[in-house]
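# Fold and contact review
Letter by letter, the chains look like this.
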Amino acid sequence: MKILLVLTLGVTLFSQGYCNTLDSCEGRCGYGTDPGFTCQCNSACERFKDCCYDYTSVCKGSAASCAGRCGESYNSQNKCHCNSKCSQHNNCCSDYGDLCGGAPPPPTTDISDADIRAISEVLYALDSNKATASELTIDPQALVPNSQTSSKNDLSPRRLFTFLDEQALFSKPTYASFVALMDNYRRVTGQAEDFTPQQLAEQDTFLRESMSNTELGRELFAFLFTKGRYSSEDEFLYDLKMMWFGLYSRYNKKMDSSGFEHIFAGEIKGGKVSGFHNWIQFYLLEKQGLLNYYSHSFNGPWASFPDVLGMQFMWDGYYKQVGSAIIGCSPEFDLAMYSLCYIARPGKKCRLSLGGKQLVIQTYTWDNSSYGNGKKYIGSAFPATP
């Protein structure tokens, strides 16, 4: 009778999209995939039909709460934690103070220029996925003064990117999830974006891989947590999803744009390139023969990657007078730097320190619409070049 009951339970759960196993999600809720178990306890399991039988009750209802979890052992798969050391590591669940008697998340405090310089140096050091000199080679060629950036003269006969080890870089989860997003957009403003369920899932995957599954992303969250900007990782990721991927209208009242599309993928508005501040997208389009590099008007002081260039180029017949980008950094570094500056200095210049050298990021808010309780979407963000 007992064997029959177990088999019946397994078949019922499997028919509902759960894995036919009695492995449990207790202590395993989180983003990572655990090959040591026959079922999974992360948000992707619903899509791949391999959730454990108790995923809904254990993870979806309590993953971000300390209810029933006070004093539990540390588990890296959990989104937030409920033990005596979570305050020290800035990864407590938001209700840890109320339910477990520990210290609540810190109050909101100012983020000083010194804070920004310090955390940007930390993130710079943590960018373990950046390109190395053996993985990426560029050929900047013609350097032009600012007075000539509008001339539309092709002064560089060769491509900017002469070599990229795609096998080494694009196989990394953050690169792979970023590249998957690049073909999801209609580049001309005035054409409404319409995402498939798969494309929406790709947005979540990129945020998870870049912010939750990298030390760099977790460090950014820890910093913003200590400054009282977010009380939990879930809140942090949700806000990033809205500020970066939330749609708004740049033209003709169509939901045609987002901060991510504008900055990373690039847009066409008024007969010219708008936004477009990412080196990977530049490389992909140049490789396809859709982008022609003309010259550069700024080359940053860094002798290794990441570096900064202010570039002139033609994208399939549309011109960009100065398209600045951080060259050779990982996708998570790009996202982290722009997010840090937008959260700390929205609509202003944000002064970072990378390897002891200053990089200024200019951000702009989108003021025509908002999300949540009056929060503003990202309008633009880019390296400010002299």
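A few words on the overall build of the protein chain. Regarding its fold elements, the protein chain presents 14 helices and 10 strands. Looking at the protein chain as a whole, 52% of its 386 residues qualify as buried. Within the protein chain, residue pairs in contact and separated by at least 24 positions form 58% of the contacts whose partners lie at least 6 positions apart. Carbon and sulfur atoms make up 52% of the accessible area of the protein chain, which amounts to about 17,500 Å² in all.

So, on to unusual backbone geometry. Here the residue pair Phe305 and Pro306 is connected by a cis peptide bond, since its omega of 5 degrees sits within 30 degrees of zero. Along the polypeptide, Pro306 turns up in the loop between strand S5 (291–299) and strand S6 (307–315). The phi dihedral of Lys152 is positive, around 60 degrees, even though this residue is not glycine. With respect to the helices and strands, Lys152 occurs in the loop between strand S1 (136–138) and strand S2 (161–164). Here the phi dihedral of Asn252 falls at roughly 60 degrees; this positive angle occurs in a residue that is not glycine. In this structure, Asn252 sits in the loop between helix H11 (233–245) and helix H12 (259–265). Using a relative accessible area of 54% as the deciding quantity, one classes Asn252 as exposed.

An order of S5-S6-S7 is seen for the three strands of this open sheet, with the pairing classed as antiparallel. Since the sheet does not close on itself, it has two edges, and those belong to S5 and strand S7 (318–327), each with one partner. Taken pair by pair, the neighbouring strands of this sheet meet at an average axis angle of 30 degrees, ignoring direction. As paired strands, S6 and S7 are joined by eight bridges and run antiparallel to one another. Bridged to Leu309 within S7 is Ala325. Across the face of the sheet, helix H13 (residues 279–287) comes into contact with S5, S6 and S7 while running at roughly 145 degrees to S5.

Tracing the chain through its elements places Glu193 in the loop between helix H8 (173–179) and helix H9 (197–212). It is Arg186 that comes nearest to the buried, bridge-free Glu193 among opposite-charge side chains, at 4.5 Å. A distance of 3.1 Å separates a polar side-chain atom of Glu193 from the backbone nitrogen of Arg186. Not counting chain neighbours up to four residues away, the residues in contact with Glu193 comprise Asn184, Tyr185, Arg186, Leu247, Met255, Asp256 and Glu261.

Once that is clear, we can look at the sheet that holds strand S10 (residues 375–383). Judged by pairing direction, the sheet is antiparallel, and its three strands sit side by side in the order S8-S9-S10 without closing on themselves. Looking at strand neighbours, the two that pair on one side only are strand S8 (349–354) and S10, the edges of this open sheet. Each neighbouring strand pair of the sheet contributes to a mean axis angle of 35 degrees, computed without reference to strand direction. Relative to strand S9 (residues 357–371), S8 is paired through six bridges, and the arrangement is antiparallel. Within S9, the residue paired with Ser353 across the bridge is Gln358.

Turning our eyes to something else, we now look at the nonpolar core. As a rule of thumb, nonpolar side chains are buried together in soluble globular proteins. Grouped together as the largest cluster of nonpolar side chains are 83 residues, with contacts concentrated most on Trp244, Phe260 and Trp279. In terms of residue count, the dominant contributor to this core is helix H14 (residues 331–344) (10 residues). Phe260 has contacts with Phe178, Leu181, Met182, Tyr185, Phe206, Trp244, Phe245 and Ala265, leaving out every residue within four places of it along the chain. Counting residues in hydrophobic clusters, the runner-up holds eight residues, among them Cys25, Cys39, Cys41 and Cys51.

If you walk through the whole model with that rule in mind, you get nine salt bridges. A salt bridge links Lys375 to Asp239; the shortest N-O distance between them is 3.3 Å. Here Lys375 is found in strand S10, whereas its partner Asp239 is found in helix H11, with 136 residues between them in sequence. On the accessibility criterion, Asp239 (6% relative accessible area) is buried. For the salt bridge of Lys376 with Asp367, the shortest nitrogen-to-oxygen distance reads 3.1 Å. Taking relative accessible area as the criterion, Lys376 reaches 40% and is therefore assigned partly exposed.

Calculation criteria
- Residues numbered from 1 in each chain as written.
- Predicted model: local features only at pLDDT ≥ 70, side-chain atom pairs only at ≥ 80, totals over all residues.
- Heavy atoms only, no water.
- Helix = DSSP H or I, 4+ residues; strand = E, 2+ residues; numbered from the N terminus.
- Buried < 20%, exposed > 50% of the residue type's maximum accessible area, 1.4 Å probe, protein only.
- Contact = heavy atoms within 4.5 Å.
- Areas by Shrake-Rupley, 256 points an atom, 1.4 Å probe, with all protein chains shown as cover.
- Pairing = 2+ DSSP bridges.
- Axes fitted to C-alpha atoms, helices over the stretch in contact; angles between N-to-C directions.
- Lys, Arg positive; Asp, Glu negative; His and termini not counted.
- Salt bridge = Lys/Arg side-chain N within 4 Å of Asp/Glu carboxyl O.
- Polar contact = N/O pair within 3.5 Å; in protein donor to acceptor, adjacent residues only side chain to side chain.
- Core = buried A, V, L, I, M, F, W, Y, C linked by side-chain atoms within 4.5 Å.

Just distances and angles here, no functional claims.
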